[in-house]
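# Examination of the molecular architecture
Okay, here's what each chain looks like letter by letter:
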Amino acid sequence: MTTFSRIVRSVRAFSRELTRLPIKVEAPIAPTTRRLKLGLALGGGFARGLVHIGVLKALEEASIPVDFVGGTSVGSVIGACYCAGMSAGELEELARAARFKDFARWTFSRYGFCSNDRITQFCARVLRVTTFEDLRIPLAVTATDFHTGEAVVFTKGPLVAPIRASCAYPGMFHPVEIDGRSYIDGMLAYAVPTTPLRAMGAERVLGIYLSAHWAQNRPPRHVFEVIGQCFSIAQERMCELWKKDADLVVEPNVNGFTYDGFDRAKDLIALGEASVRAIVPQLRTMLNLPNPDAIIASLPATIPQPTTQPSVVA
């Protein structure tokens, strides 16, 4: 019995000691909200595609980083320049001097009225790189296999030939040969290349769609407007194929701008800027980016003064 009593007293003493020990309660860890990766999908539109420069200007002004770019047709040209390191301001200067002759020459071949081989010289003059791997921002360029209709996405290797292929508008430009395959405009594969951006790792995708008919309530002026109008109708009917992979779609109103209206670069760029500025708050929320106004409001109104005078050493 004596032994049992000693055991009971020991247990009670041990229990009393436990109650005296401080219990450390871990504070719950607040979930961190990281910025989501943005993919920017730039659709085709020839001269109307200068809108994309305004889009990039507005994103730069709002300090919204772009992690991936996808380009179709003219979107591939502007996308390549931006991913190579050109700023939106530099692109704007370039656009003001650009004309149709910088990208194409008349040939009247049985394959098309023009060749876009001048894109090679244009890229050599303005791009600072020659391969996808050298780009600062990952880029996807879309094209369409002429024989099979397969959608092809270029993300590595030489850069210029895929850009030419993506810009090879059927009937206007000759198909472009790459490694024994003939390619035409990426518009037939992805009017706006949102889907390739998802495959590259984009967590949020912003699509820029330049929807406009070539003939505005009047008879077509020439065969290019006939071809262009037909493809414009087809694009409208295929929108759901790429919109399903877009979190946000911007459709600047490019009605009234012609496919070859490079002389209206200033207006097209301004249109792109205005279209994206209108959705900047929505973009910030979508990407988990803090609102600049909220950050400023959280700062102290005055700088606290030191409580003691600093010592001065003579």
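Data block above holds the structure.
Remember, predicted model here, so these are calculated numbers, not experimental data.

This brings us to unusual backbone geometry. The backbone of Phe46 shows a phi angle near 55 degrees, a positive value even though the residue is not glycine. Along the polypeptide, Phe46 turns up in the loop between β1 (38-42) and α2 (51-61). A positive phi angle, close to 55 degrees, is found at Ser73, a residue other than glycine. Following the sequence through the fold, Ser73 ends up in the loop between β2 (68-71) and α3 (74-83). Owing to a relative accessible area of 7%, Ser73 belongs among the buried residues under this scheme.

What follows covers the pairing of strand β6 (residues 151-154). Residues of β6 alternate between two faces, with Val152 and Phe154 buried on one and Ala151 and Val153 left unburied on the opposite face. Strand direction decides the pairing type here: strand β5 (residues 139-145) and β6, joined by four bridges, are antiparallel. Considered in β6, the bridge of Ala143 is made with Val152. Where β5 hands over to β6, the hairpin turn is made up of five residues, of which Gly149 adopts a positive phi near 80 degrees.

Moving on, we get to the packing of α2 against helix α10 (residues 265-277). Relative placement of two packed helices is described by the angle separating their axes and the distance separating the axes. Contact geometry for α2 and α10: axes closest at 6 Å, N-to-C directions at 45 degrees. If you check the angle between α2 and α10, you find them oblique. When you trace α2 past α10, the crossing you get is right-handed. Contacts between α2 and α10 involve Val51, Ile53, Gly54, Val55, Lys57, Ala58, Leu59 and Glu61 from the former and Leu268, Ile269, Leu271, Gly272, Glu273, Val276 and Arg277 from the latter. Taken together, the residues of the contact of α2 with α10 break down into nine nonpolar, two polar and four charged.

Along strand β9 (residues 204-208), four of the five residues are buried, which leaves the element largely enclosed by surrounding structure. Sheet topology places β1 next to β9; five bridges connect them, and they run parallel. In the strand pairing of β9, Leu42 is matched with Ile208. Here β9 runs beside strand β10 (residues 248-250); their pairing, made up of three bridges, is parallel. Directly across from Gly207, in β10, lies its bridge partner Val249.

Once that is clear, we can look at the packing of aromatic side chains. This structure, assessed with the given rule, holds seven aromatic pairs. Measuring from ring centre to ring centre gives 5.5 Å for Phe46 and Phe262, while their planes differ by 75 degrees; the resulting arrangement is edge-to-face. Of this pair, Phe46 sits in the loop between β1 and α2 while Phe262 sits in the loop between β10 and α10; the two residues are 216 residues apart in sequence, bridging distant segments of the chain. Each of the two residues, Phe46 as well as Phe262, counts as buried. With centroids separated by 4.8 Å and ring planes inclined at 55 degrees, the aromatic side chains of Phe103 and Phe122 adopt a geometry described as tilted.

Here the focus is the state of the cysteines. What is meant by a disulfide is a covalent connection between two cysteines, made through their sulfur atoms. One pass over the full model with this rule turns up zero disulfides. Not part of a disulfide, Cys123 finds its nearest cysteine sulfur in Cys81, a span of 6.5 Å. Free of any disulfide, Cys167 has its nearest neighbouring cysteine sulfur in Cys123, separated by 8.3 Å.

With that settled, the discussion passes to a nonpolar patch on the surface. Together, Trp106, Phe108, Phe113 and Val223 line one region of the surface with nonpolar side chains, adding up to about 420 Å² of accessible area. Of note, Trp106 is situated in strand β3 (residues 105-109). Residue Trp106 is classed as partly exposed on the basis of its relative accessible area, which comes to 48%.

A separate point is the side chain of Ser275. Topologically, Ser275 is positioned in helix α10. Since its relative accessible area comes to 18%, Ser275 is described here as buried. Within the structure, the side chain of Ser275 is placed 2.8 Å from the backbone oxygen of Leu271, a separation counted as a polar contact. Contacts of Ser275, omitting those with residues within four sequence positions, involve Val250 and Pro252.

Attention now goes to the environment of Gln282. Tracing the backbone shows Gln282 in helix α11 (residues 280-286). Taking the relative accessible area as the measure of exposure, Gln282 reaches 45% and is therefore partly exposed. Taking C-alpha positions, Gln282 is 9.1 Å from Leu248, a pair spaced 34 residues apart along the chain.

Each value, and the rule that gives it
- Residues numbered from 1 in each chain as written.
- Predicted model: local features only at pLDDT ≥ 70, side-chain atom pairs only at ≥ 80, totals over all residues.
- Heavy atoms only, no water.
- Helix = DSSP H or I, 4+ residues; strand = E, 2+ residues; numbered from the N terminus.
- Buried < 20%, exposed > 50% of the residue type's maximum accessible area, 1.4 Å probe, protein only.
- Pairing = 2+ DSSP bridges.
- Axes fitted to C-alpha atoms, helices over the stretch in contact; angles between N-to-C directions.
- Parallel < 35°, antiparallel > 145°, perpendicular 65-115°, else oblique.
- Left-handed = near helix turned anticlockwise from the far one by under 90°.
- Contact = heavy atoms within 4.5 Å.
- Nonpolar A, V, L, I, M, F, W, Y, C, P; charged D, E, K, R; others polar.
- Phe/Tyr/Trp six-rings, centres within 6.5 Å; stacked < 30°, edge-to-face > 60°.
- Disulfide = S-S within 2.5 Å.
- Patch = residues over 30% accessible without salt bridge, like charges linked within 9 Å, V, L, I, M, F, W, Y side chains within 5 Å.
- Areas by Shrake-Rupley, 256 points an atom, 1.4 Å probe, with all protein chains shown as cover.
- Salt bridge = Lys/Arg side-chain N within 4 Å of Asp/Glu carboxyl O.
- Polar contact = N/O pair within 3.5 Å; in protein donor to acceptor, adjacent residues only side chain to side chain.

Remember that the coordinates give geometry; whether it matters functionally is a separate question.
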